[in-house]
Amino acid sequence: MDIKNPVESPVTFNLHRLEYLVAFAVTIGFILWHFLDINWFAAIGLFLYIDLIGYIPGAIAYRRSANGQIHKAFYVLYNTMHSLLSVAAVGLLWMWLIGPEWALLALPFHVFGDRGVFGNFLKPFGLPFEPEDTPLVHQVTAMLKRRSATGGPVPLPYEEHPATLAATAPAPAVGVNR
């Protein structure tokens, strides 16, 4: 994945998740180390507000929708509440208004857990709000797998790879008998 190709293969997606799992484990280590120092009412509130604002409204709207289409605002709410930037802003605001405390570990615990444990990253508008098999994503993933499955240097040049040739071959004319 890079600036020109913002698509992940299953391997890079799992490596990306692994990075968050490590951060999640570190967060758990701090939680266990400071277990008795944590204000658990504050920690539970800090953990829950992310989903109360960012996930549950969209999940309800998605389940109530007859065709799975919901307003973009639900995606924006999810992405805003589950962003490390907004979580950091909430943490900094909390420290400024209330003071630093170990309950703030609930913020990274939530986001790192969502990404590492559940594989839930930010939601693009072009995909369903809830995880669903998406044929076009499967096609791109399959193409990435095929392009990387060579005995020599990878990837094969785009123009030479059988997956590219198959994907760009002209479609047969409609009504032509073969």
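Please read all numbers here as calculations on a predicted model, not as lab measurements.

**Quick notes on the pattern of salt bridges**
- Under the counting rule described, the total for this entry stands at 1 salt bridge.
- With a shortest N-O distance of 2.9 Å, Glu130 and Arg63 are connected by a salt bridge. Within this pair, whereas Glu130 is found in the loop between helix 6 (106-116) and helix 7 (135-148), its partner Arg63 is found in helix 3 (residues 56-64), the two being separated by 67 residues in sequence.
- Assessed through its relative accessible area of 12%, Glu130 is described here as buried.

**Section: the packing of helix 2 (residues 40-54) against helix 6**
- For the pair helix 2 and helix 6, interaxial distance at closest approach is 8 Å and the crossing angle is 40°. Compared by their axis directions, helix 2 and helix 6 come out oblique. Seen from above, helix 2 lies across helix 6 with right-handed handedness. Contact residues: Ala43, Leu46, Phe47, Tyr49, Ile50 and Asp51 in helix 2; Ala106, Leu107, Phe109, His110 and Asp114 in helix 6.
- Along the lines of polarity and charge, the residues of the contact of helix 2 with helix 6 split into 8 nonpolar, 1 polar and 2 charged.

So, how was this worked out
- Residues numbered from 1 in each chain as written.
- Predicted model: local features only at pLDDT ≥ 70, side-chain atom pairs only at ≥ 80, totals over all residues.
- Heavy atoms only, no water.
- Salt bridge = Lys/Arg side-chain N within 4 Å of Asp/Glu carboxyl O.
- Helix = DSSP H or I, 4+ residues; strand = E, 2+ residues; numbered from the N terminus.
- Buried < 20%, exposed > 50% of the residue type's maximum accessible area, 1.4 Å probe, protein only.
- Axes fitted to C-alpha atoms, helices over the stretch in contact; angles between N-to-C directions.
- Parallel < 35°, antiparallel > 145°, perpendicular 65-115°, else oblique.
- Left-handed = near helix turned anticlockwise from the far one by under 90°.
- Contact = heavy atoms within 4.5 Å.
- Nonpolar A, V, L, I, M, F, W, Y, C, P; charged D, E, K, R; others polar.

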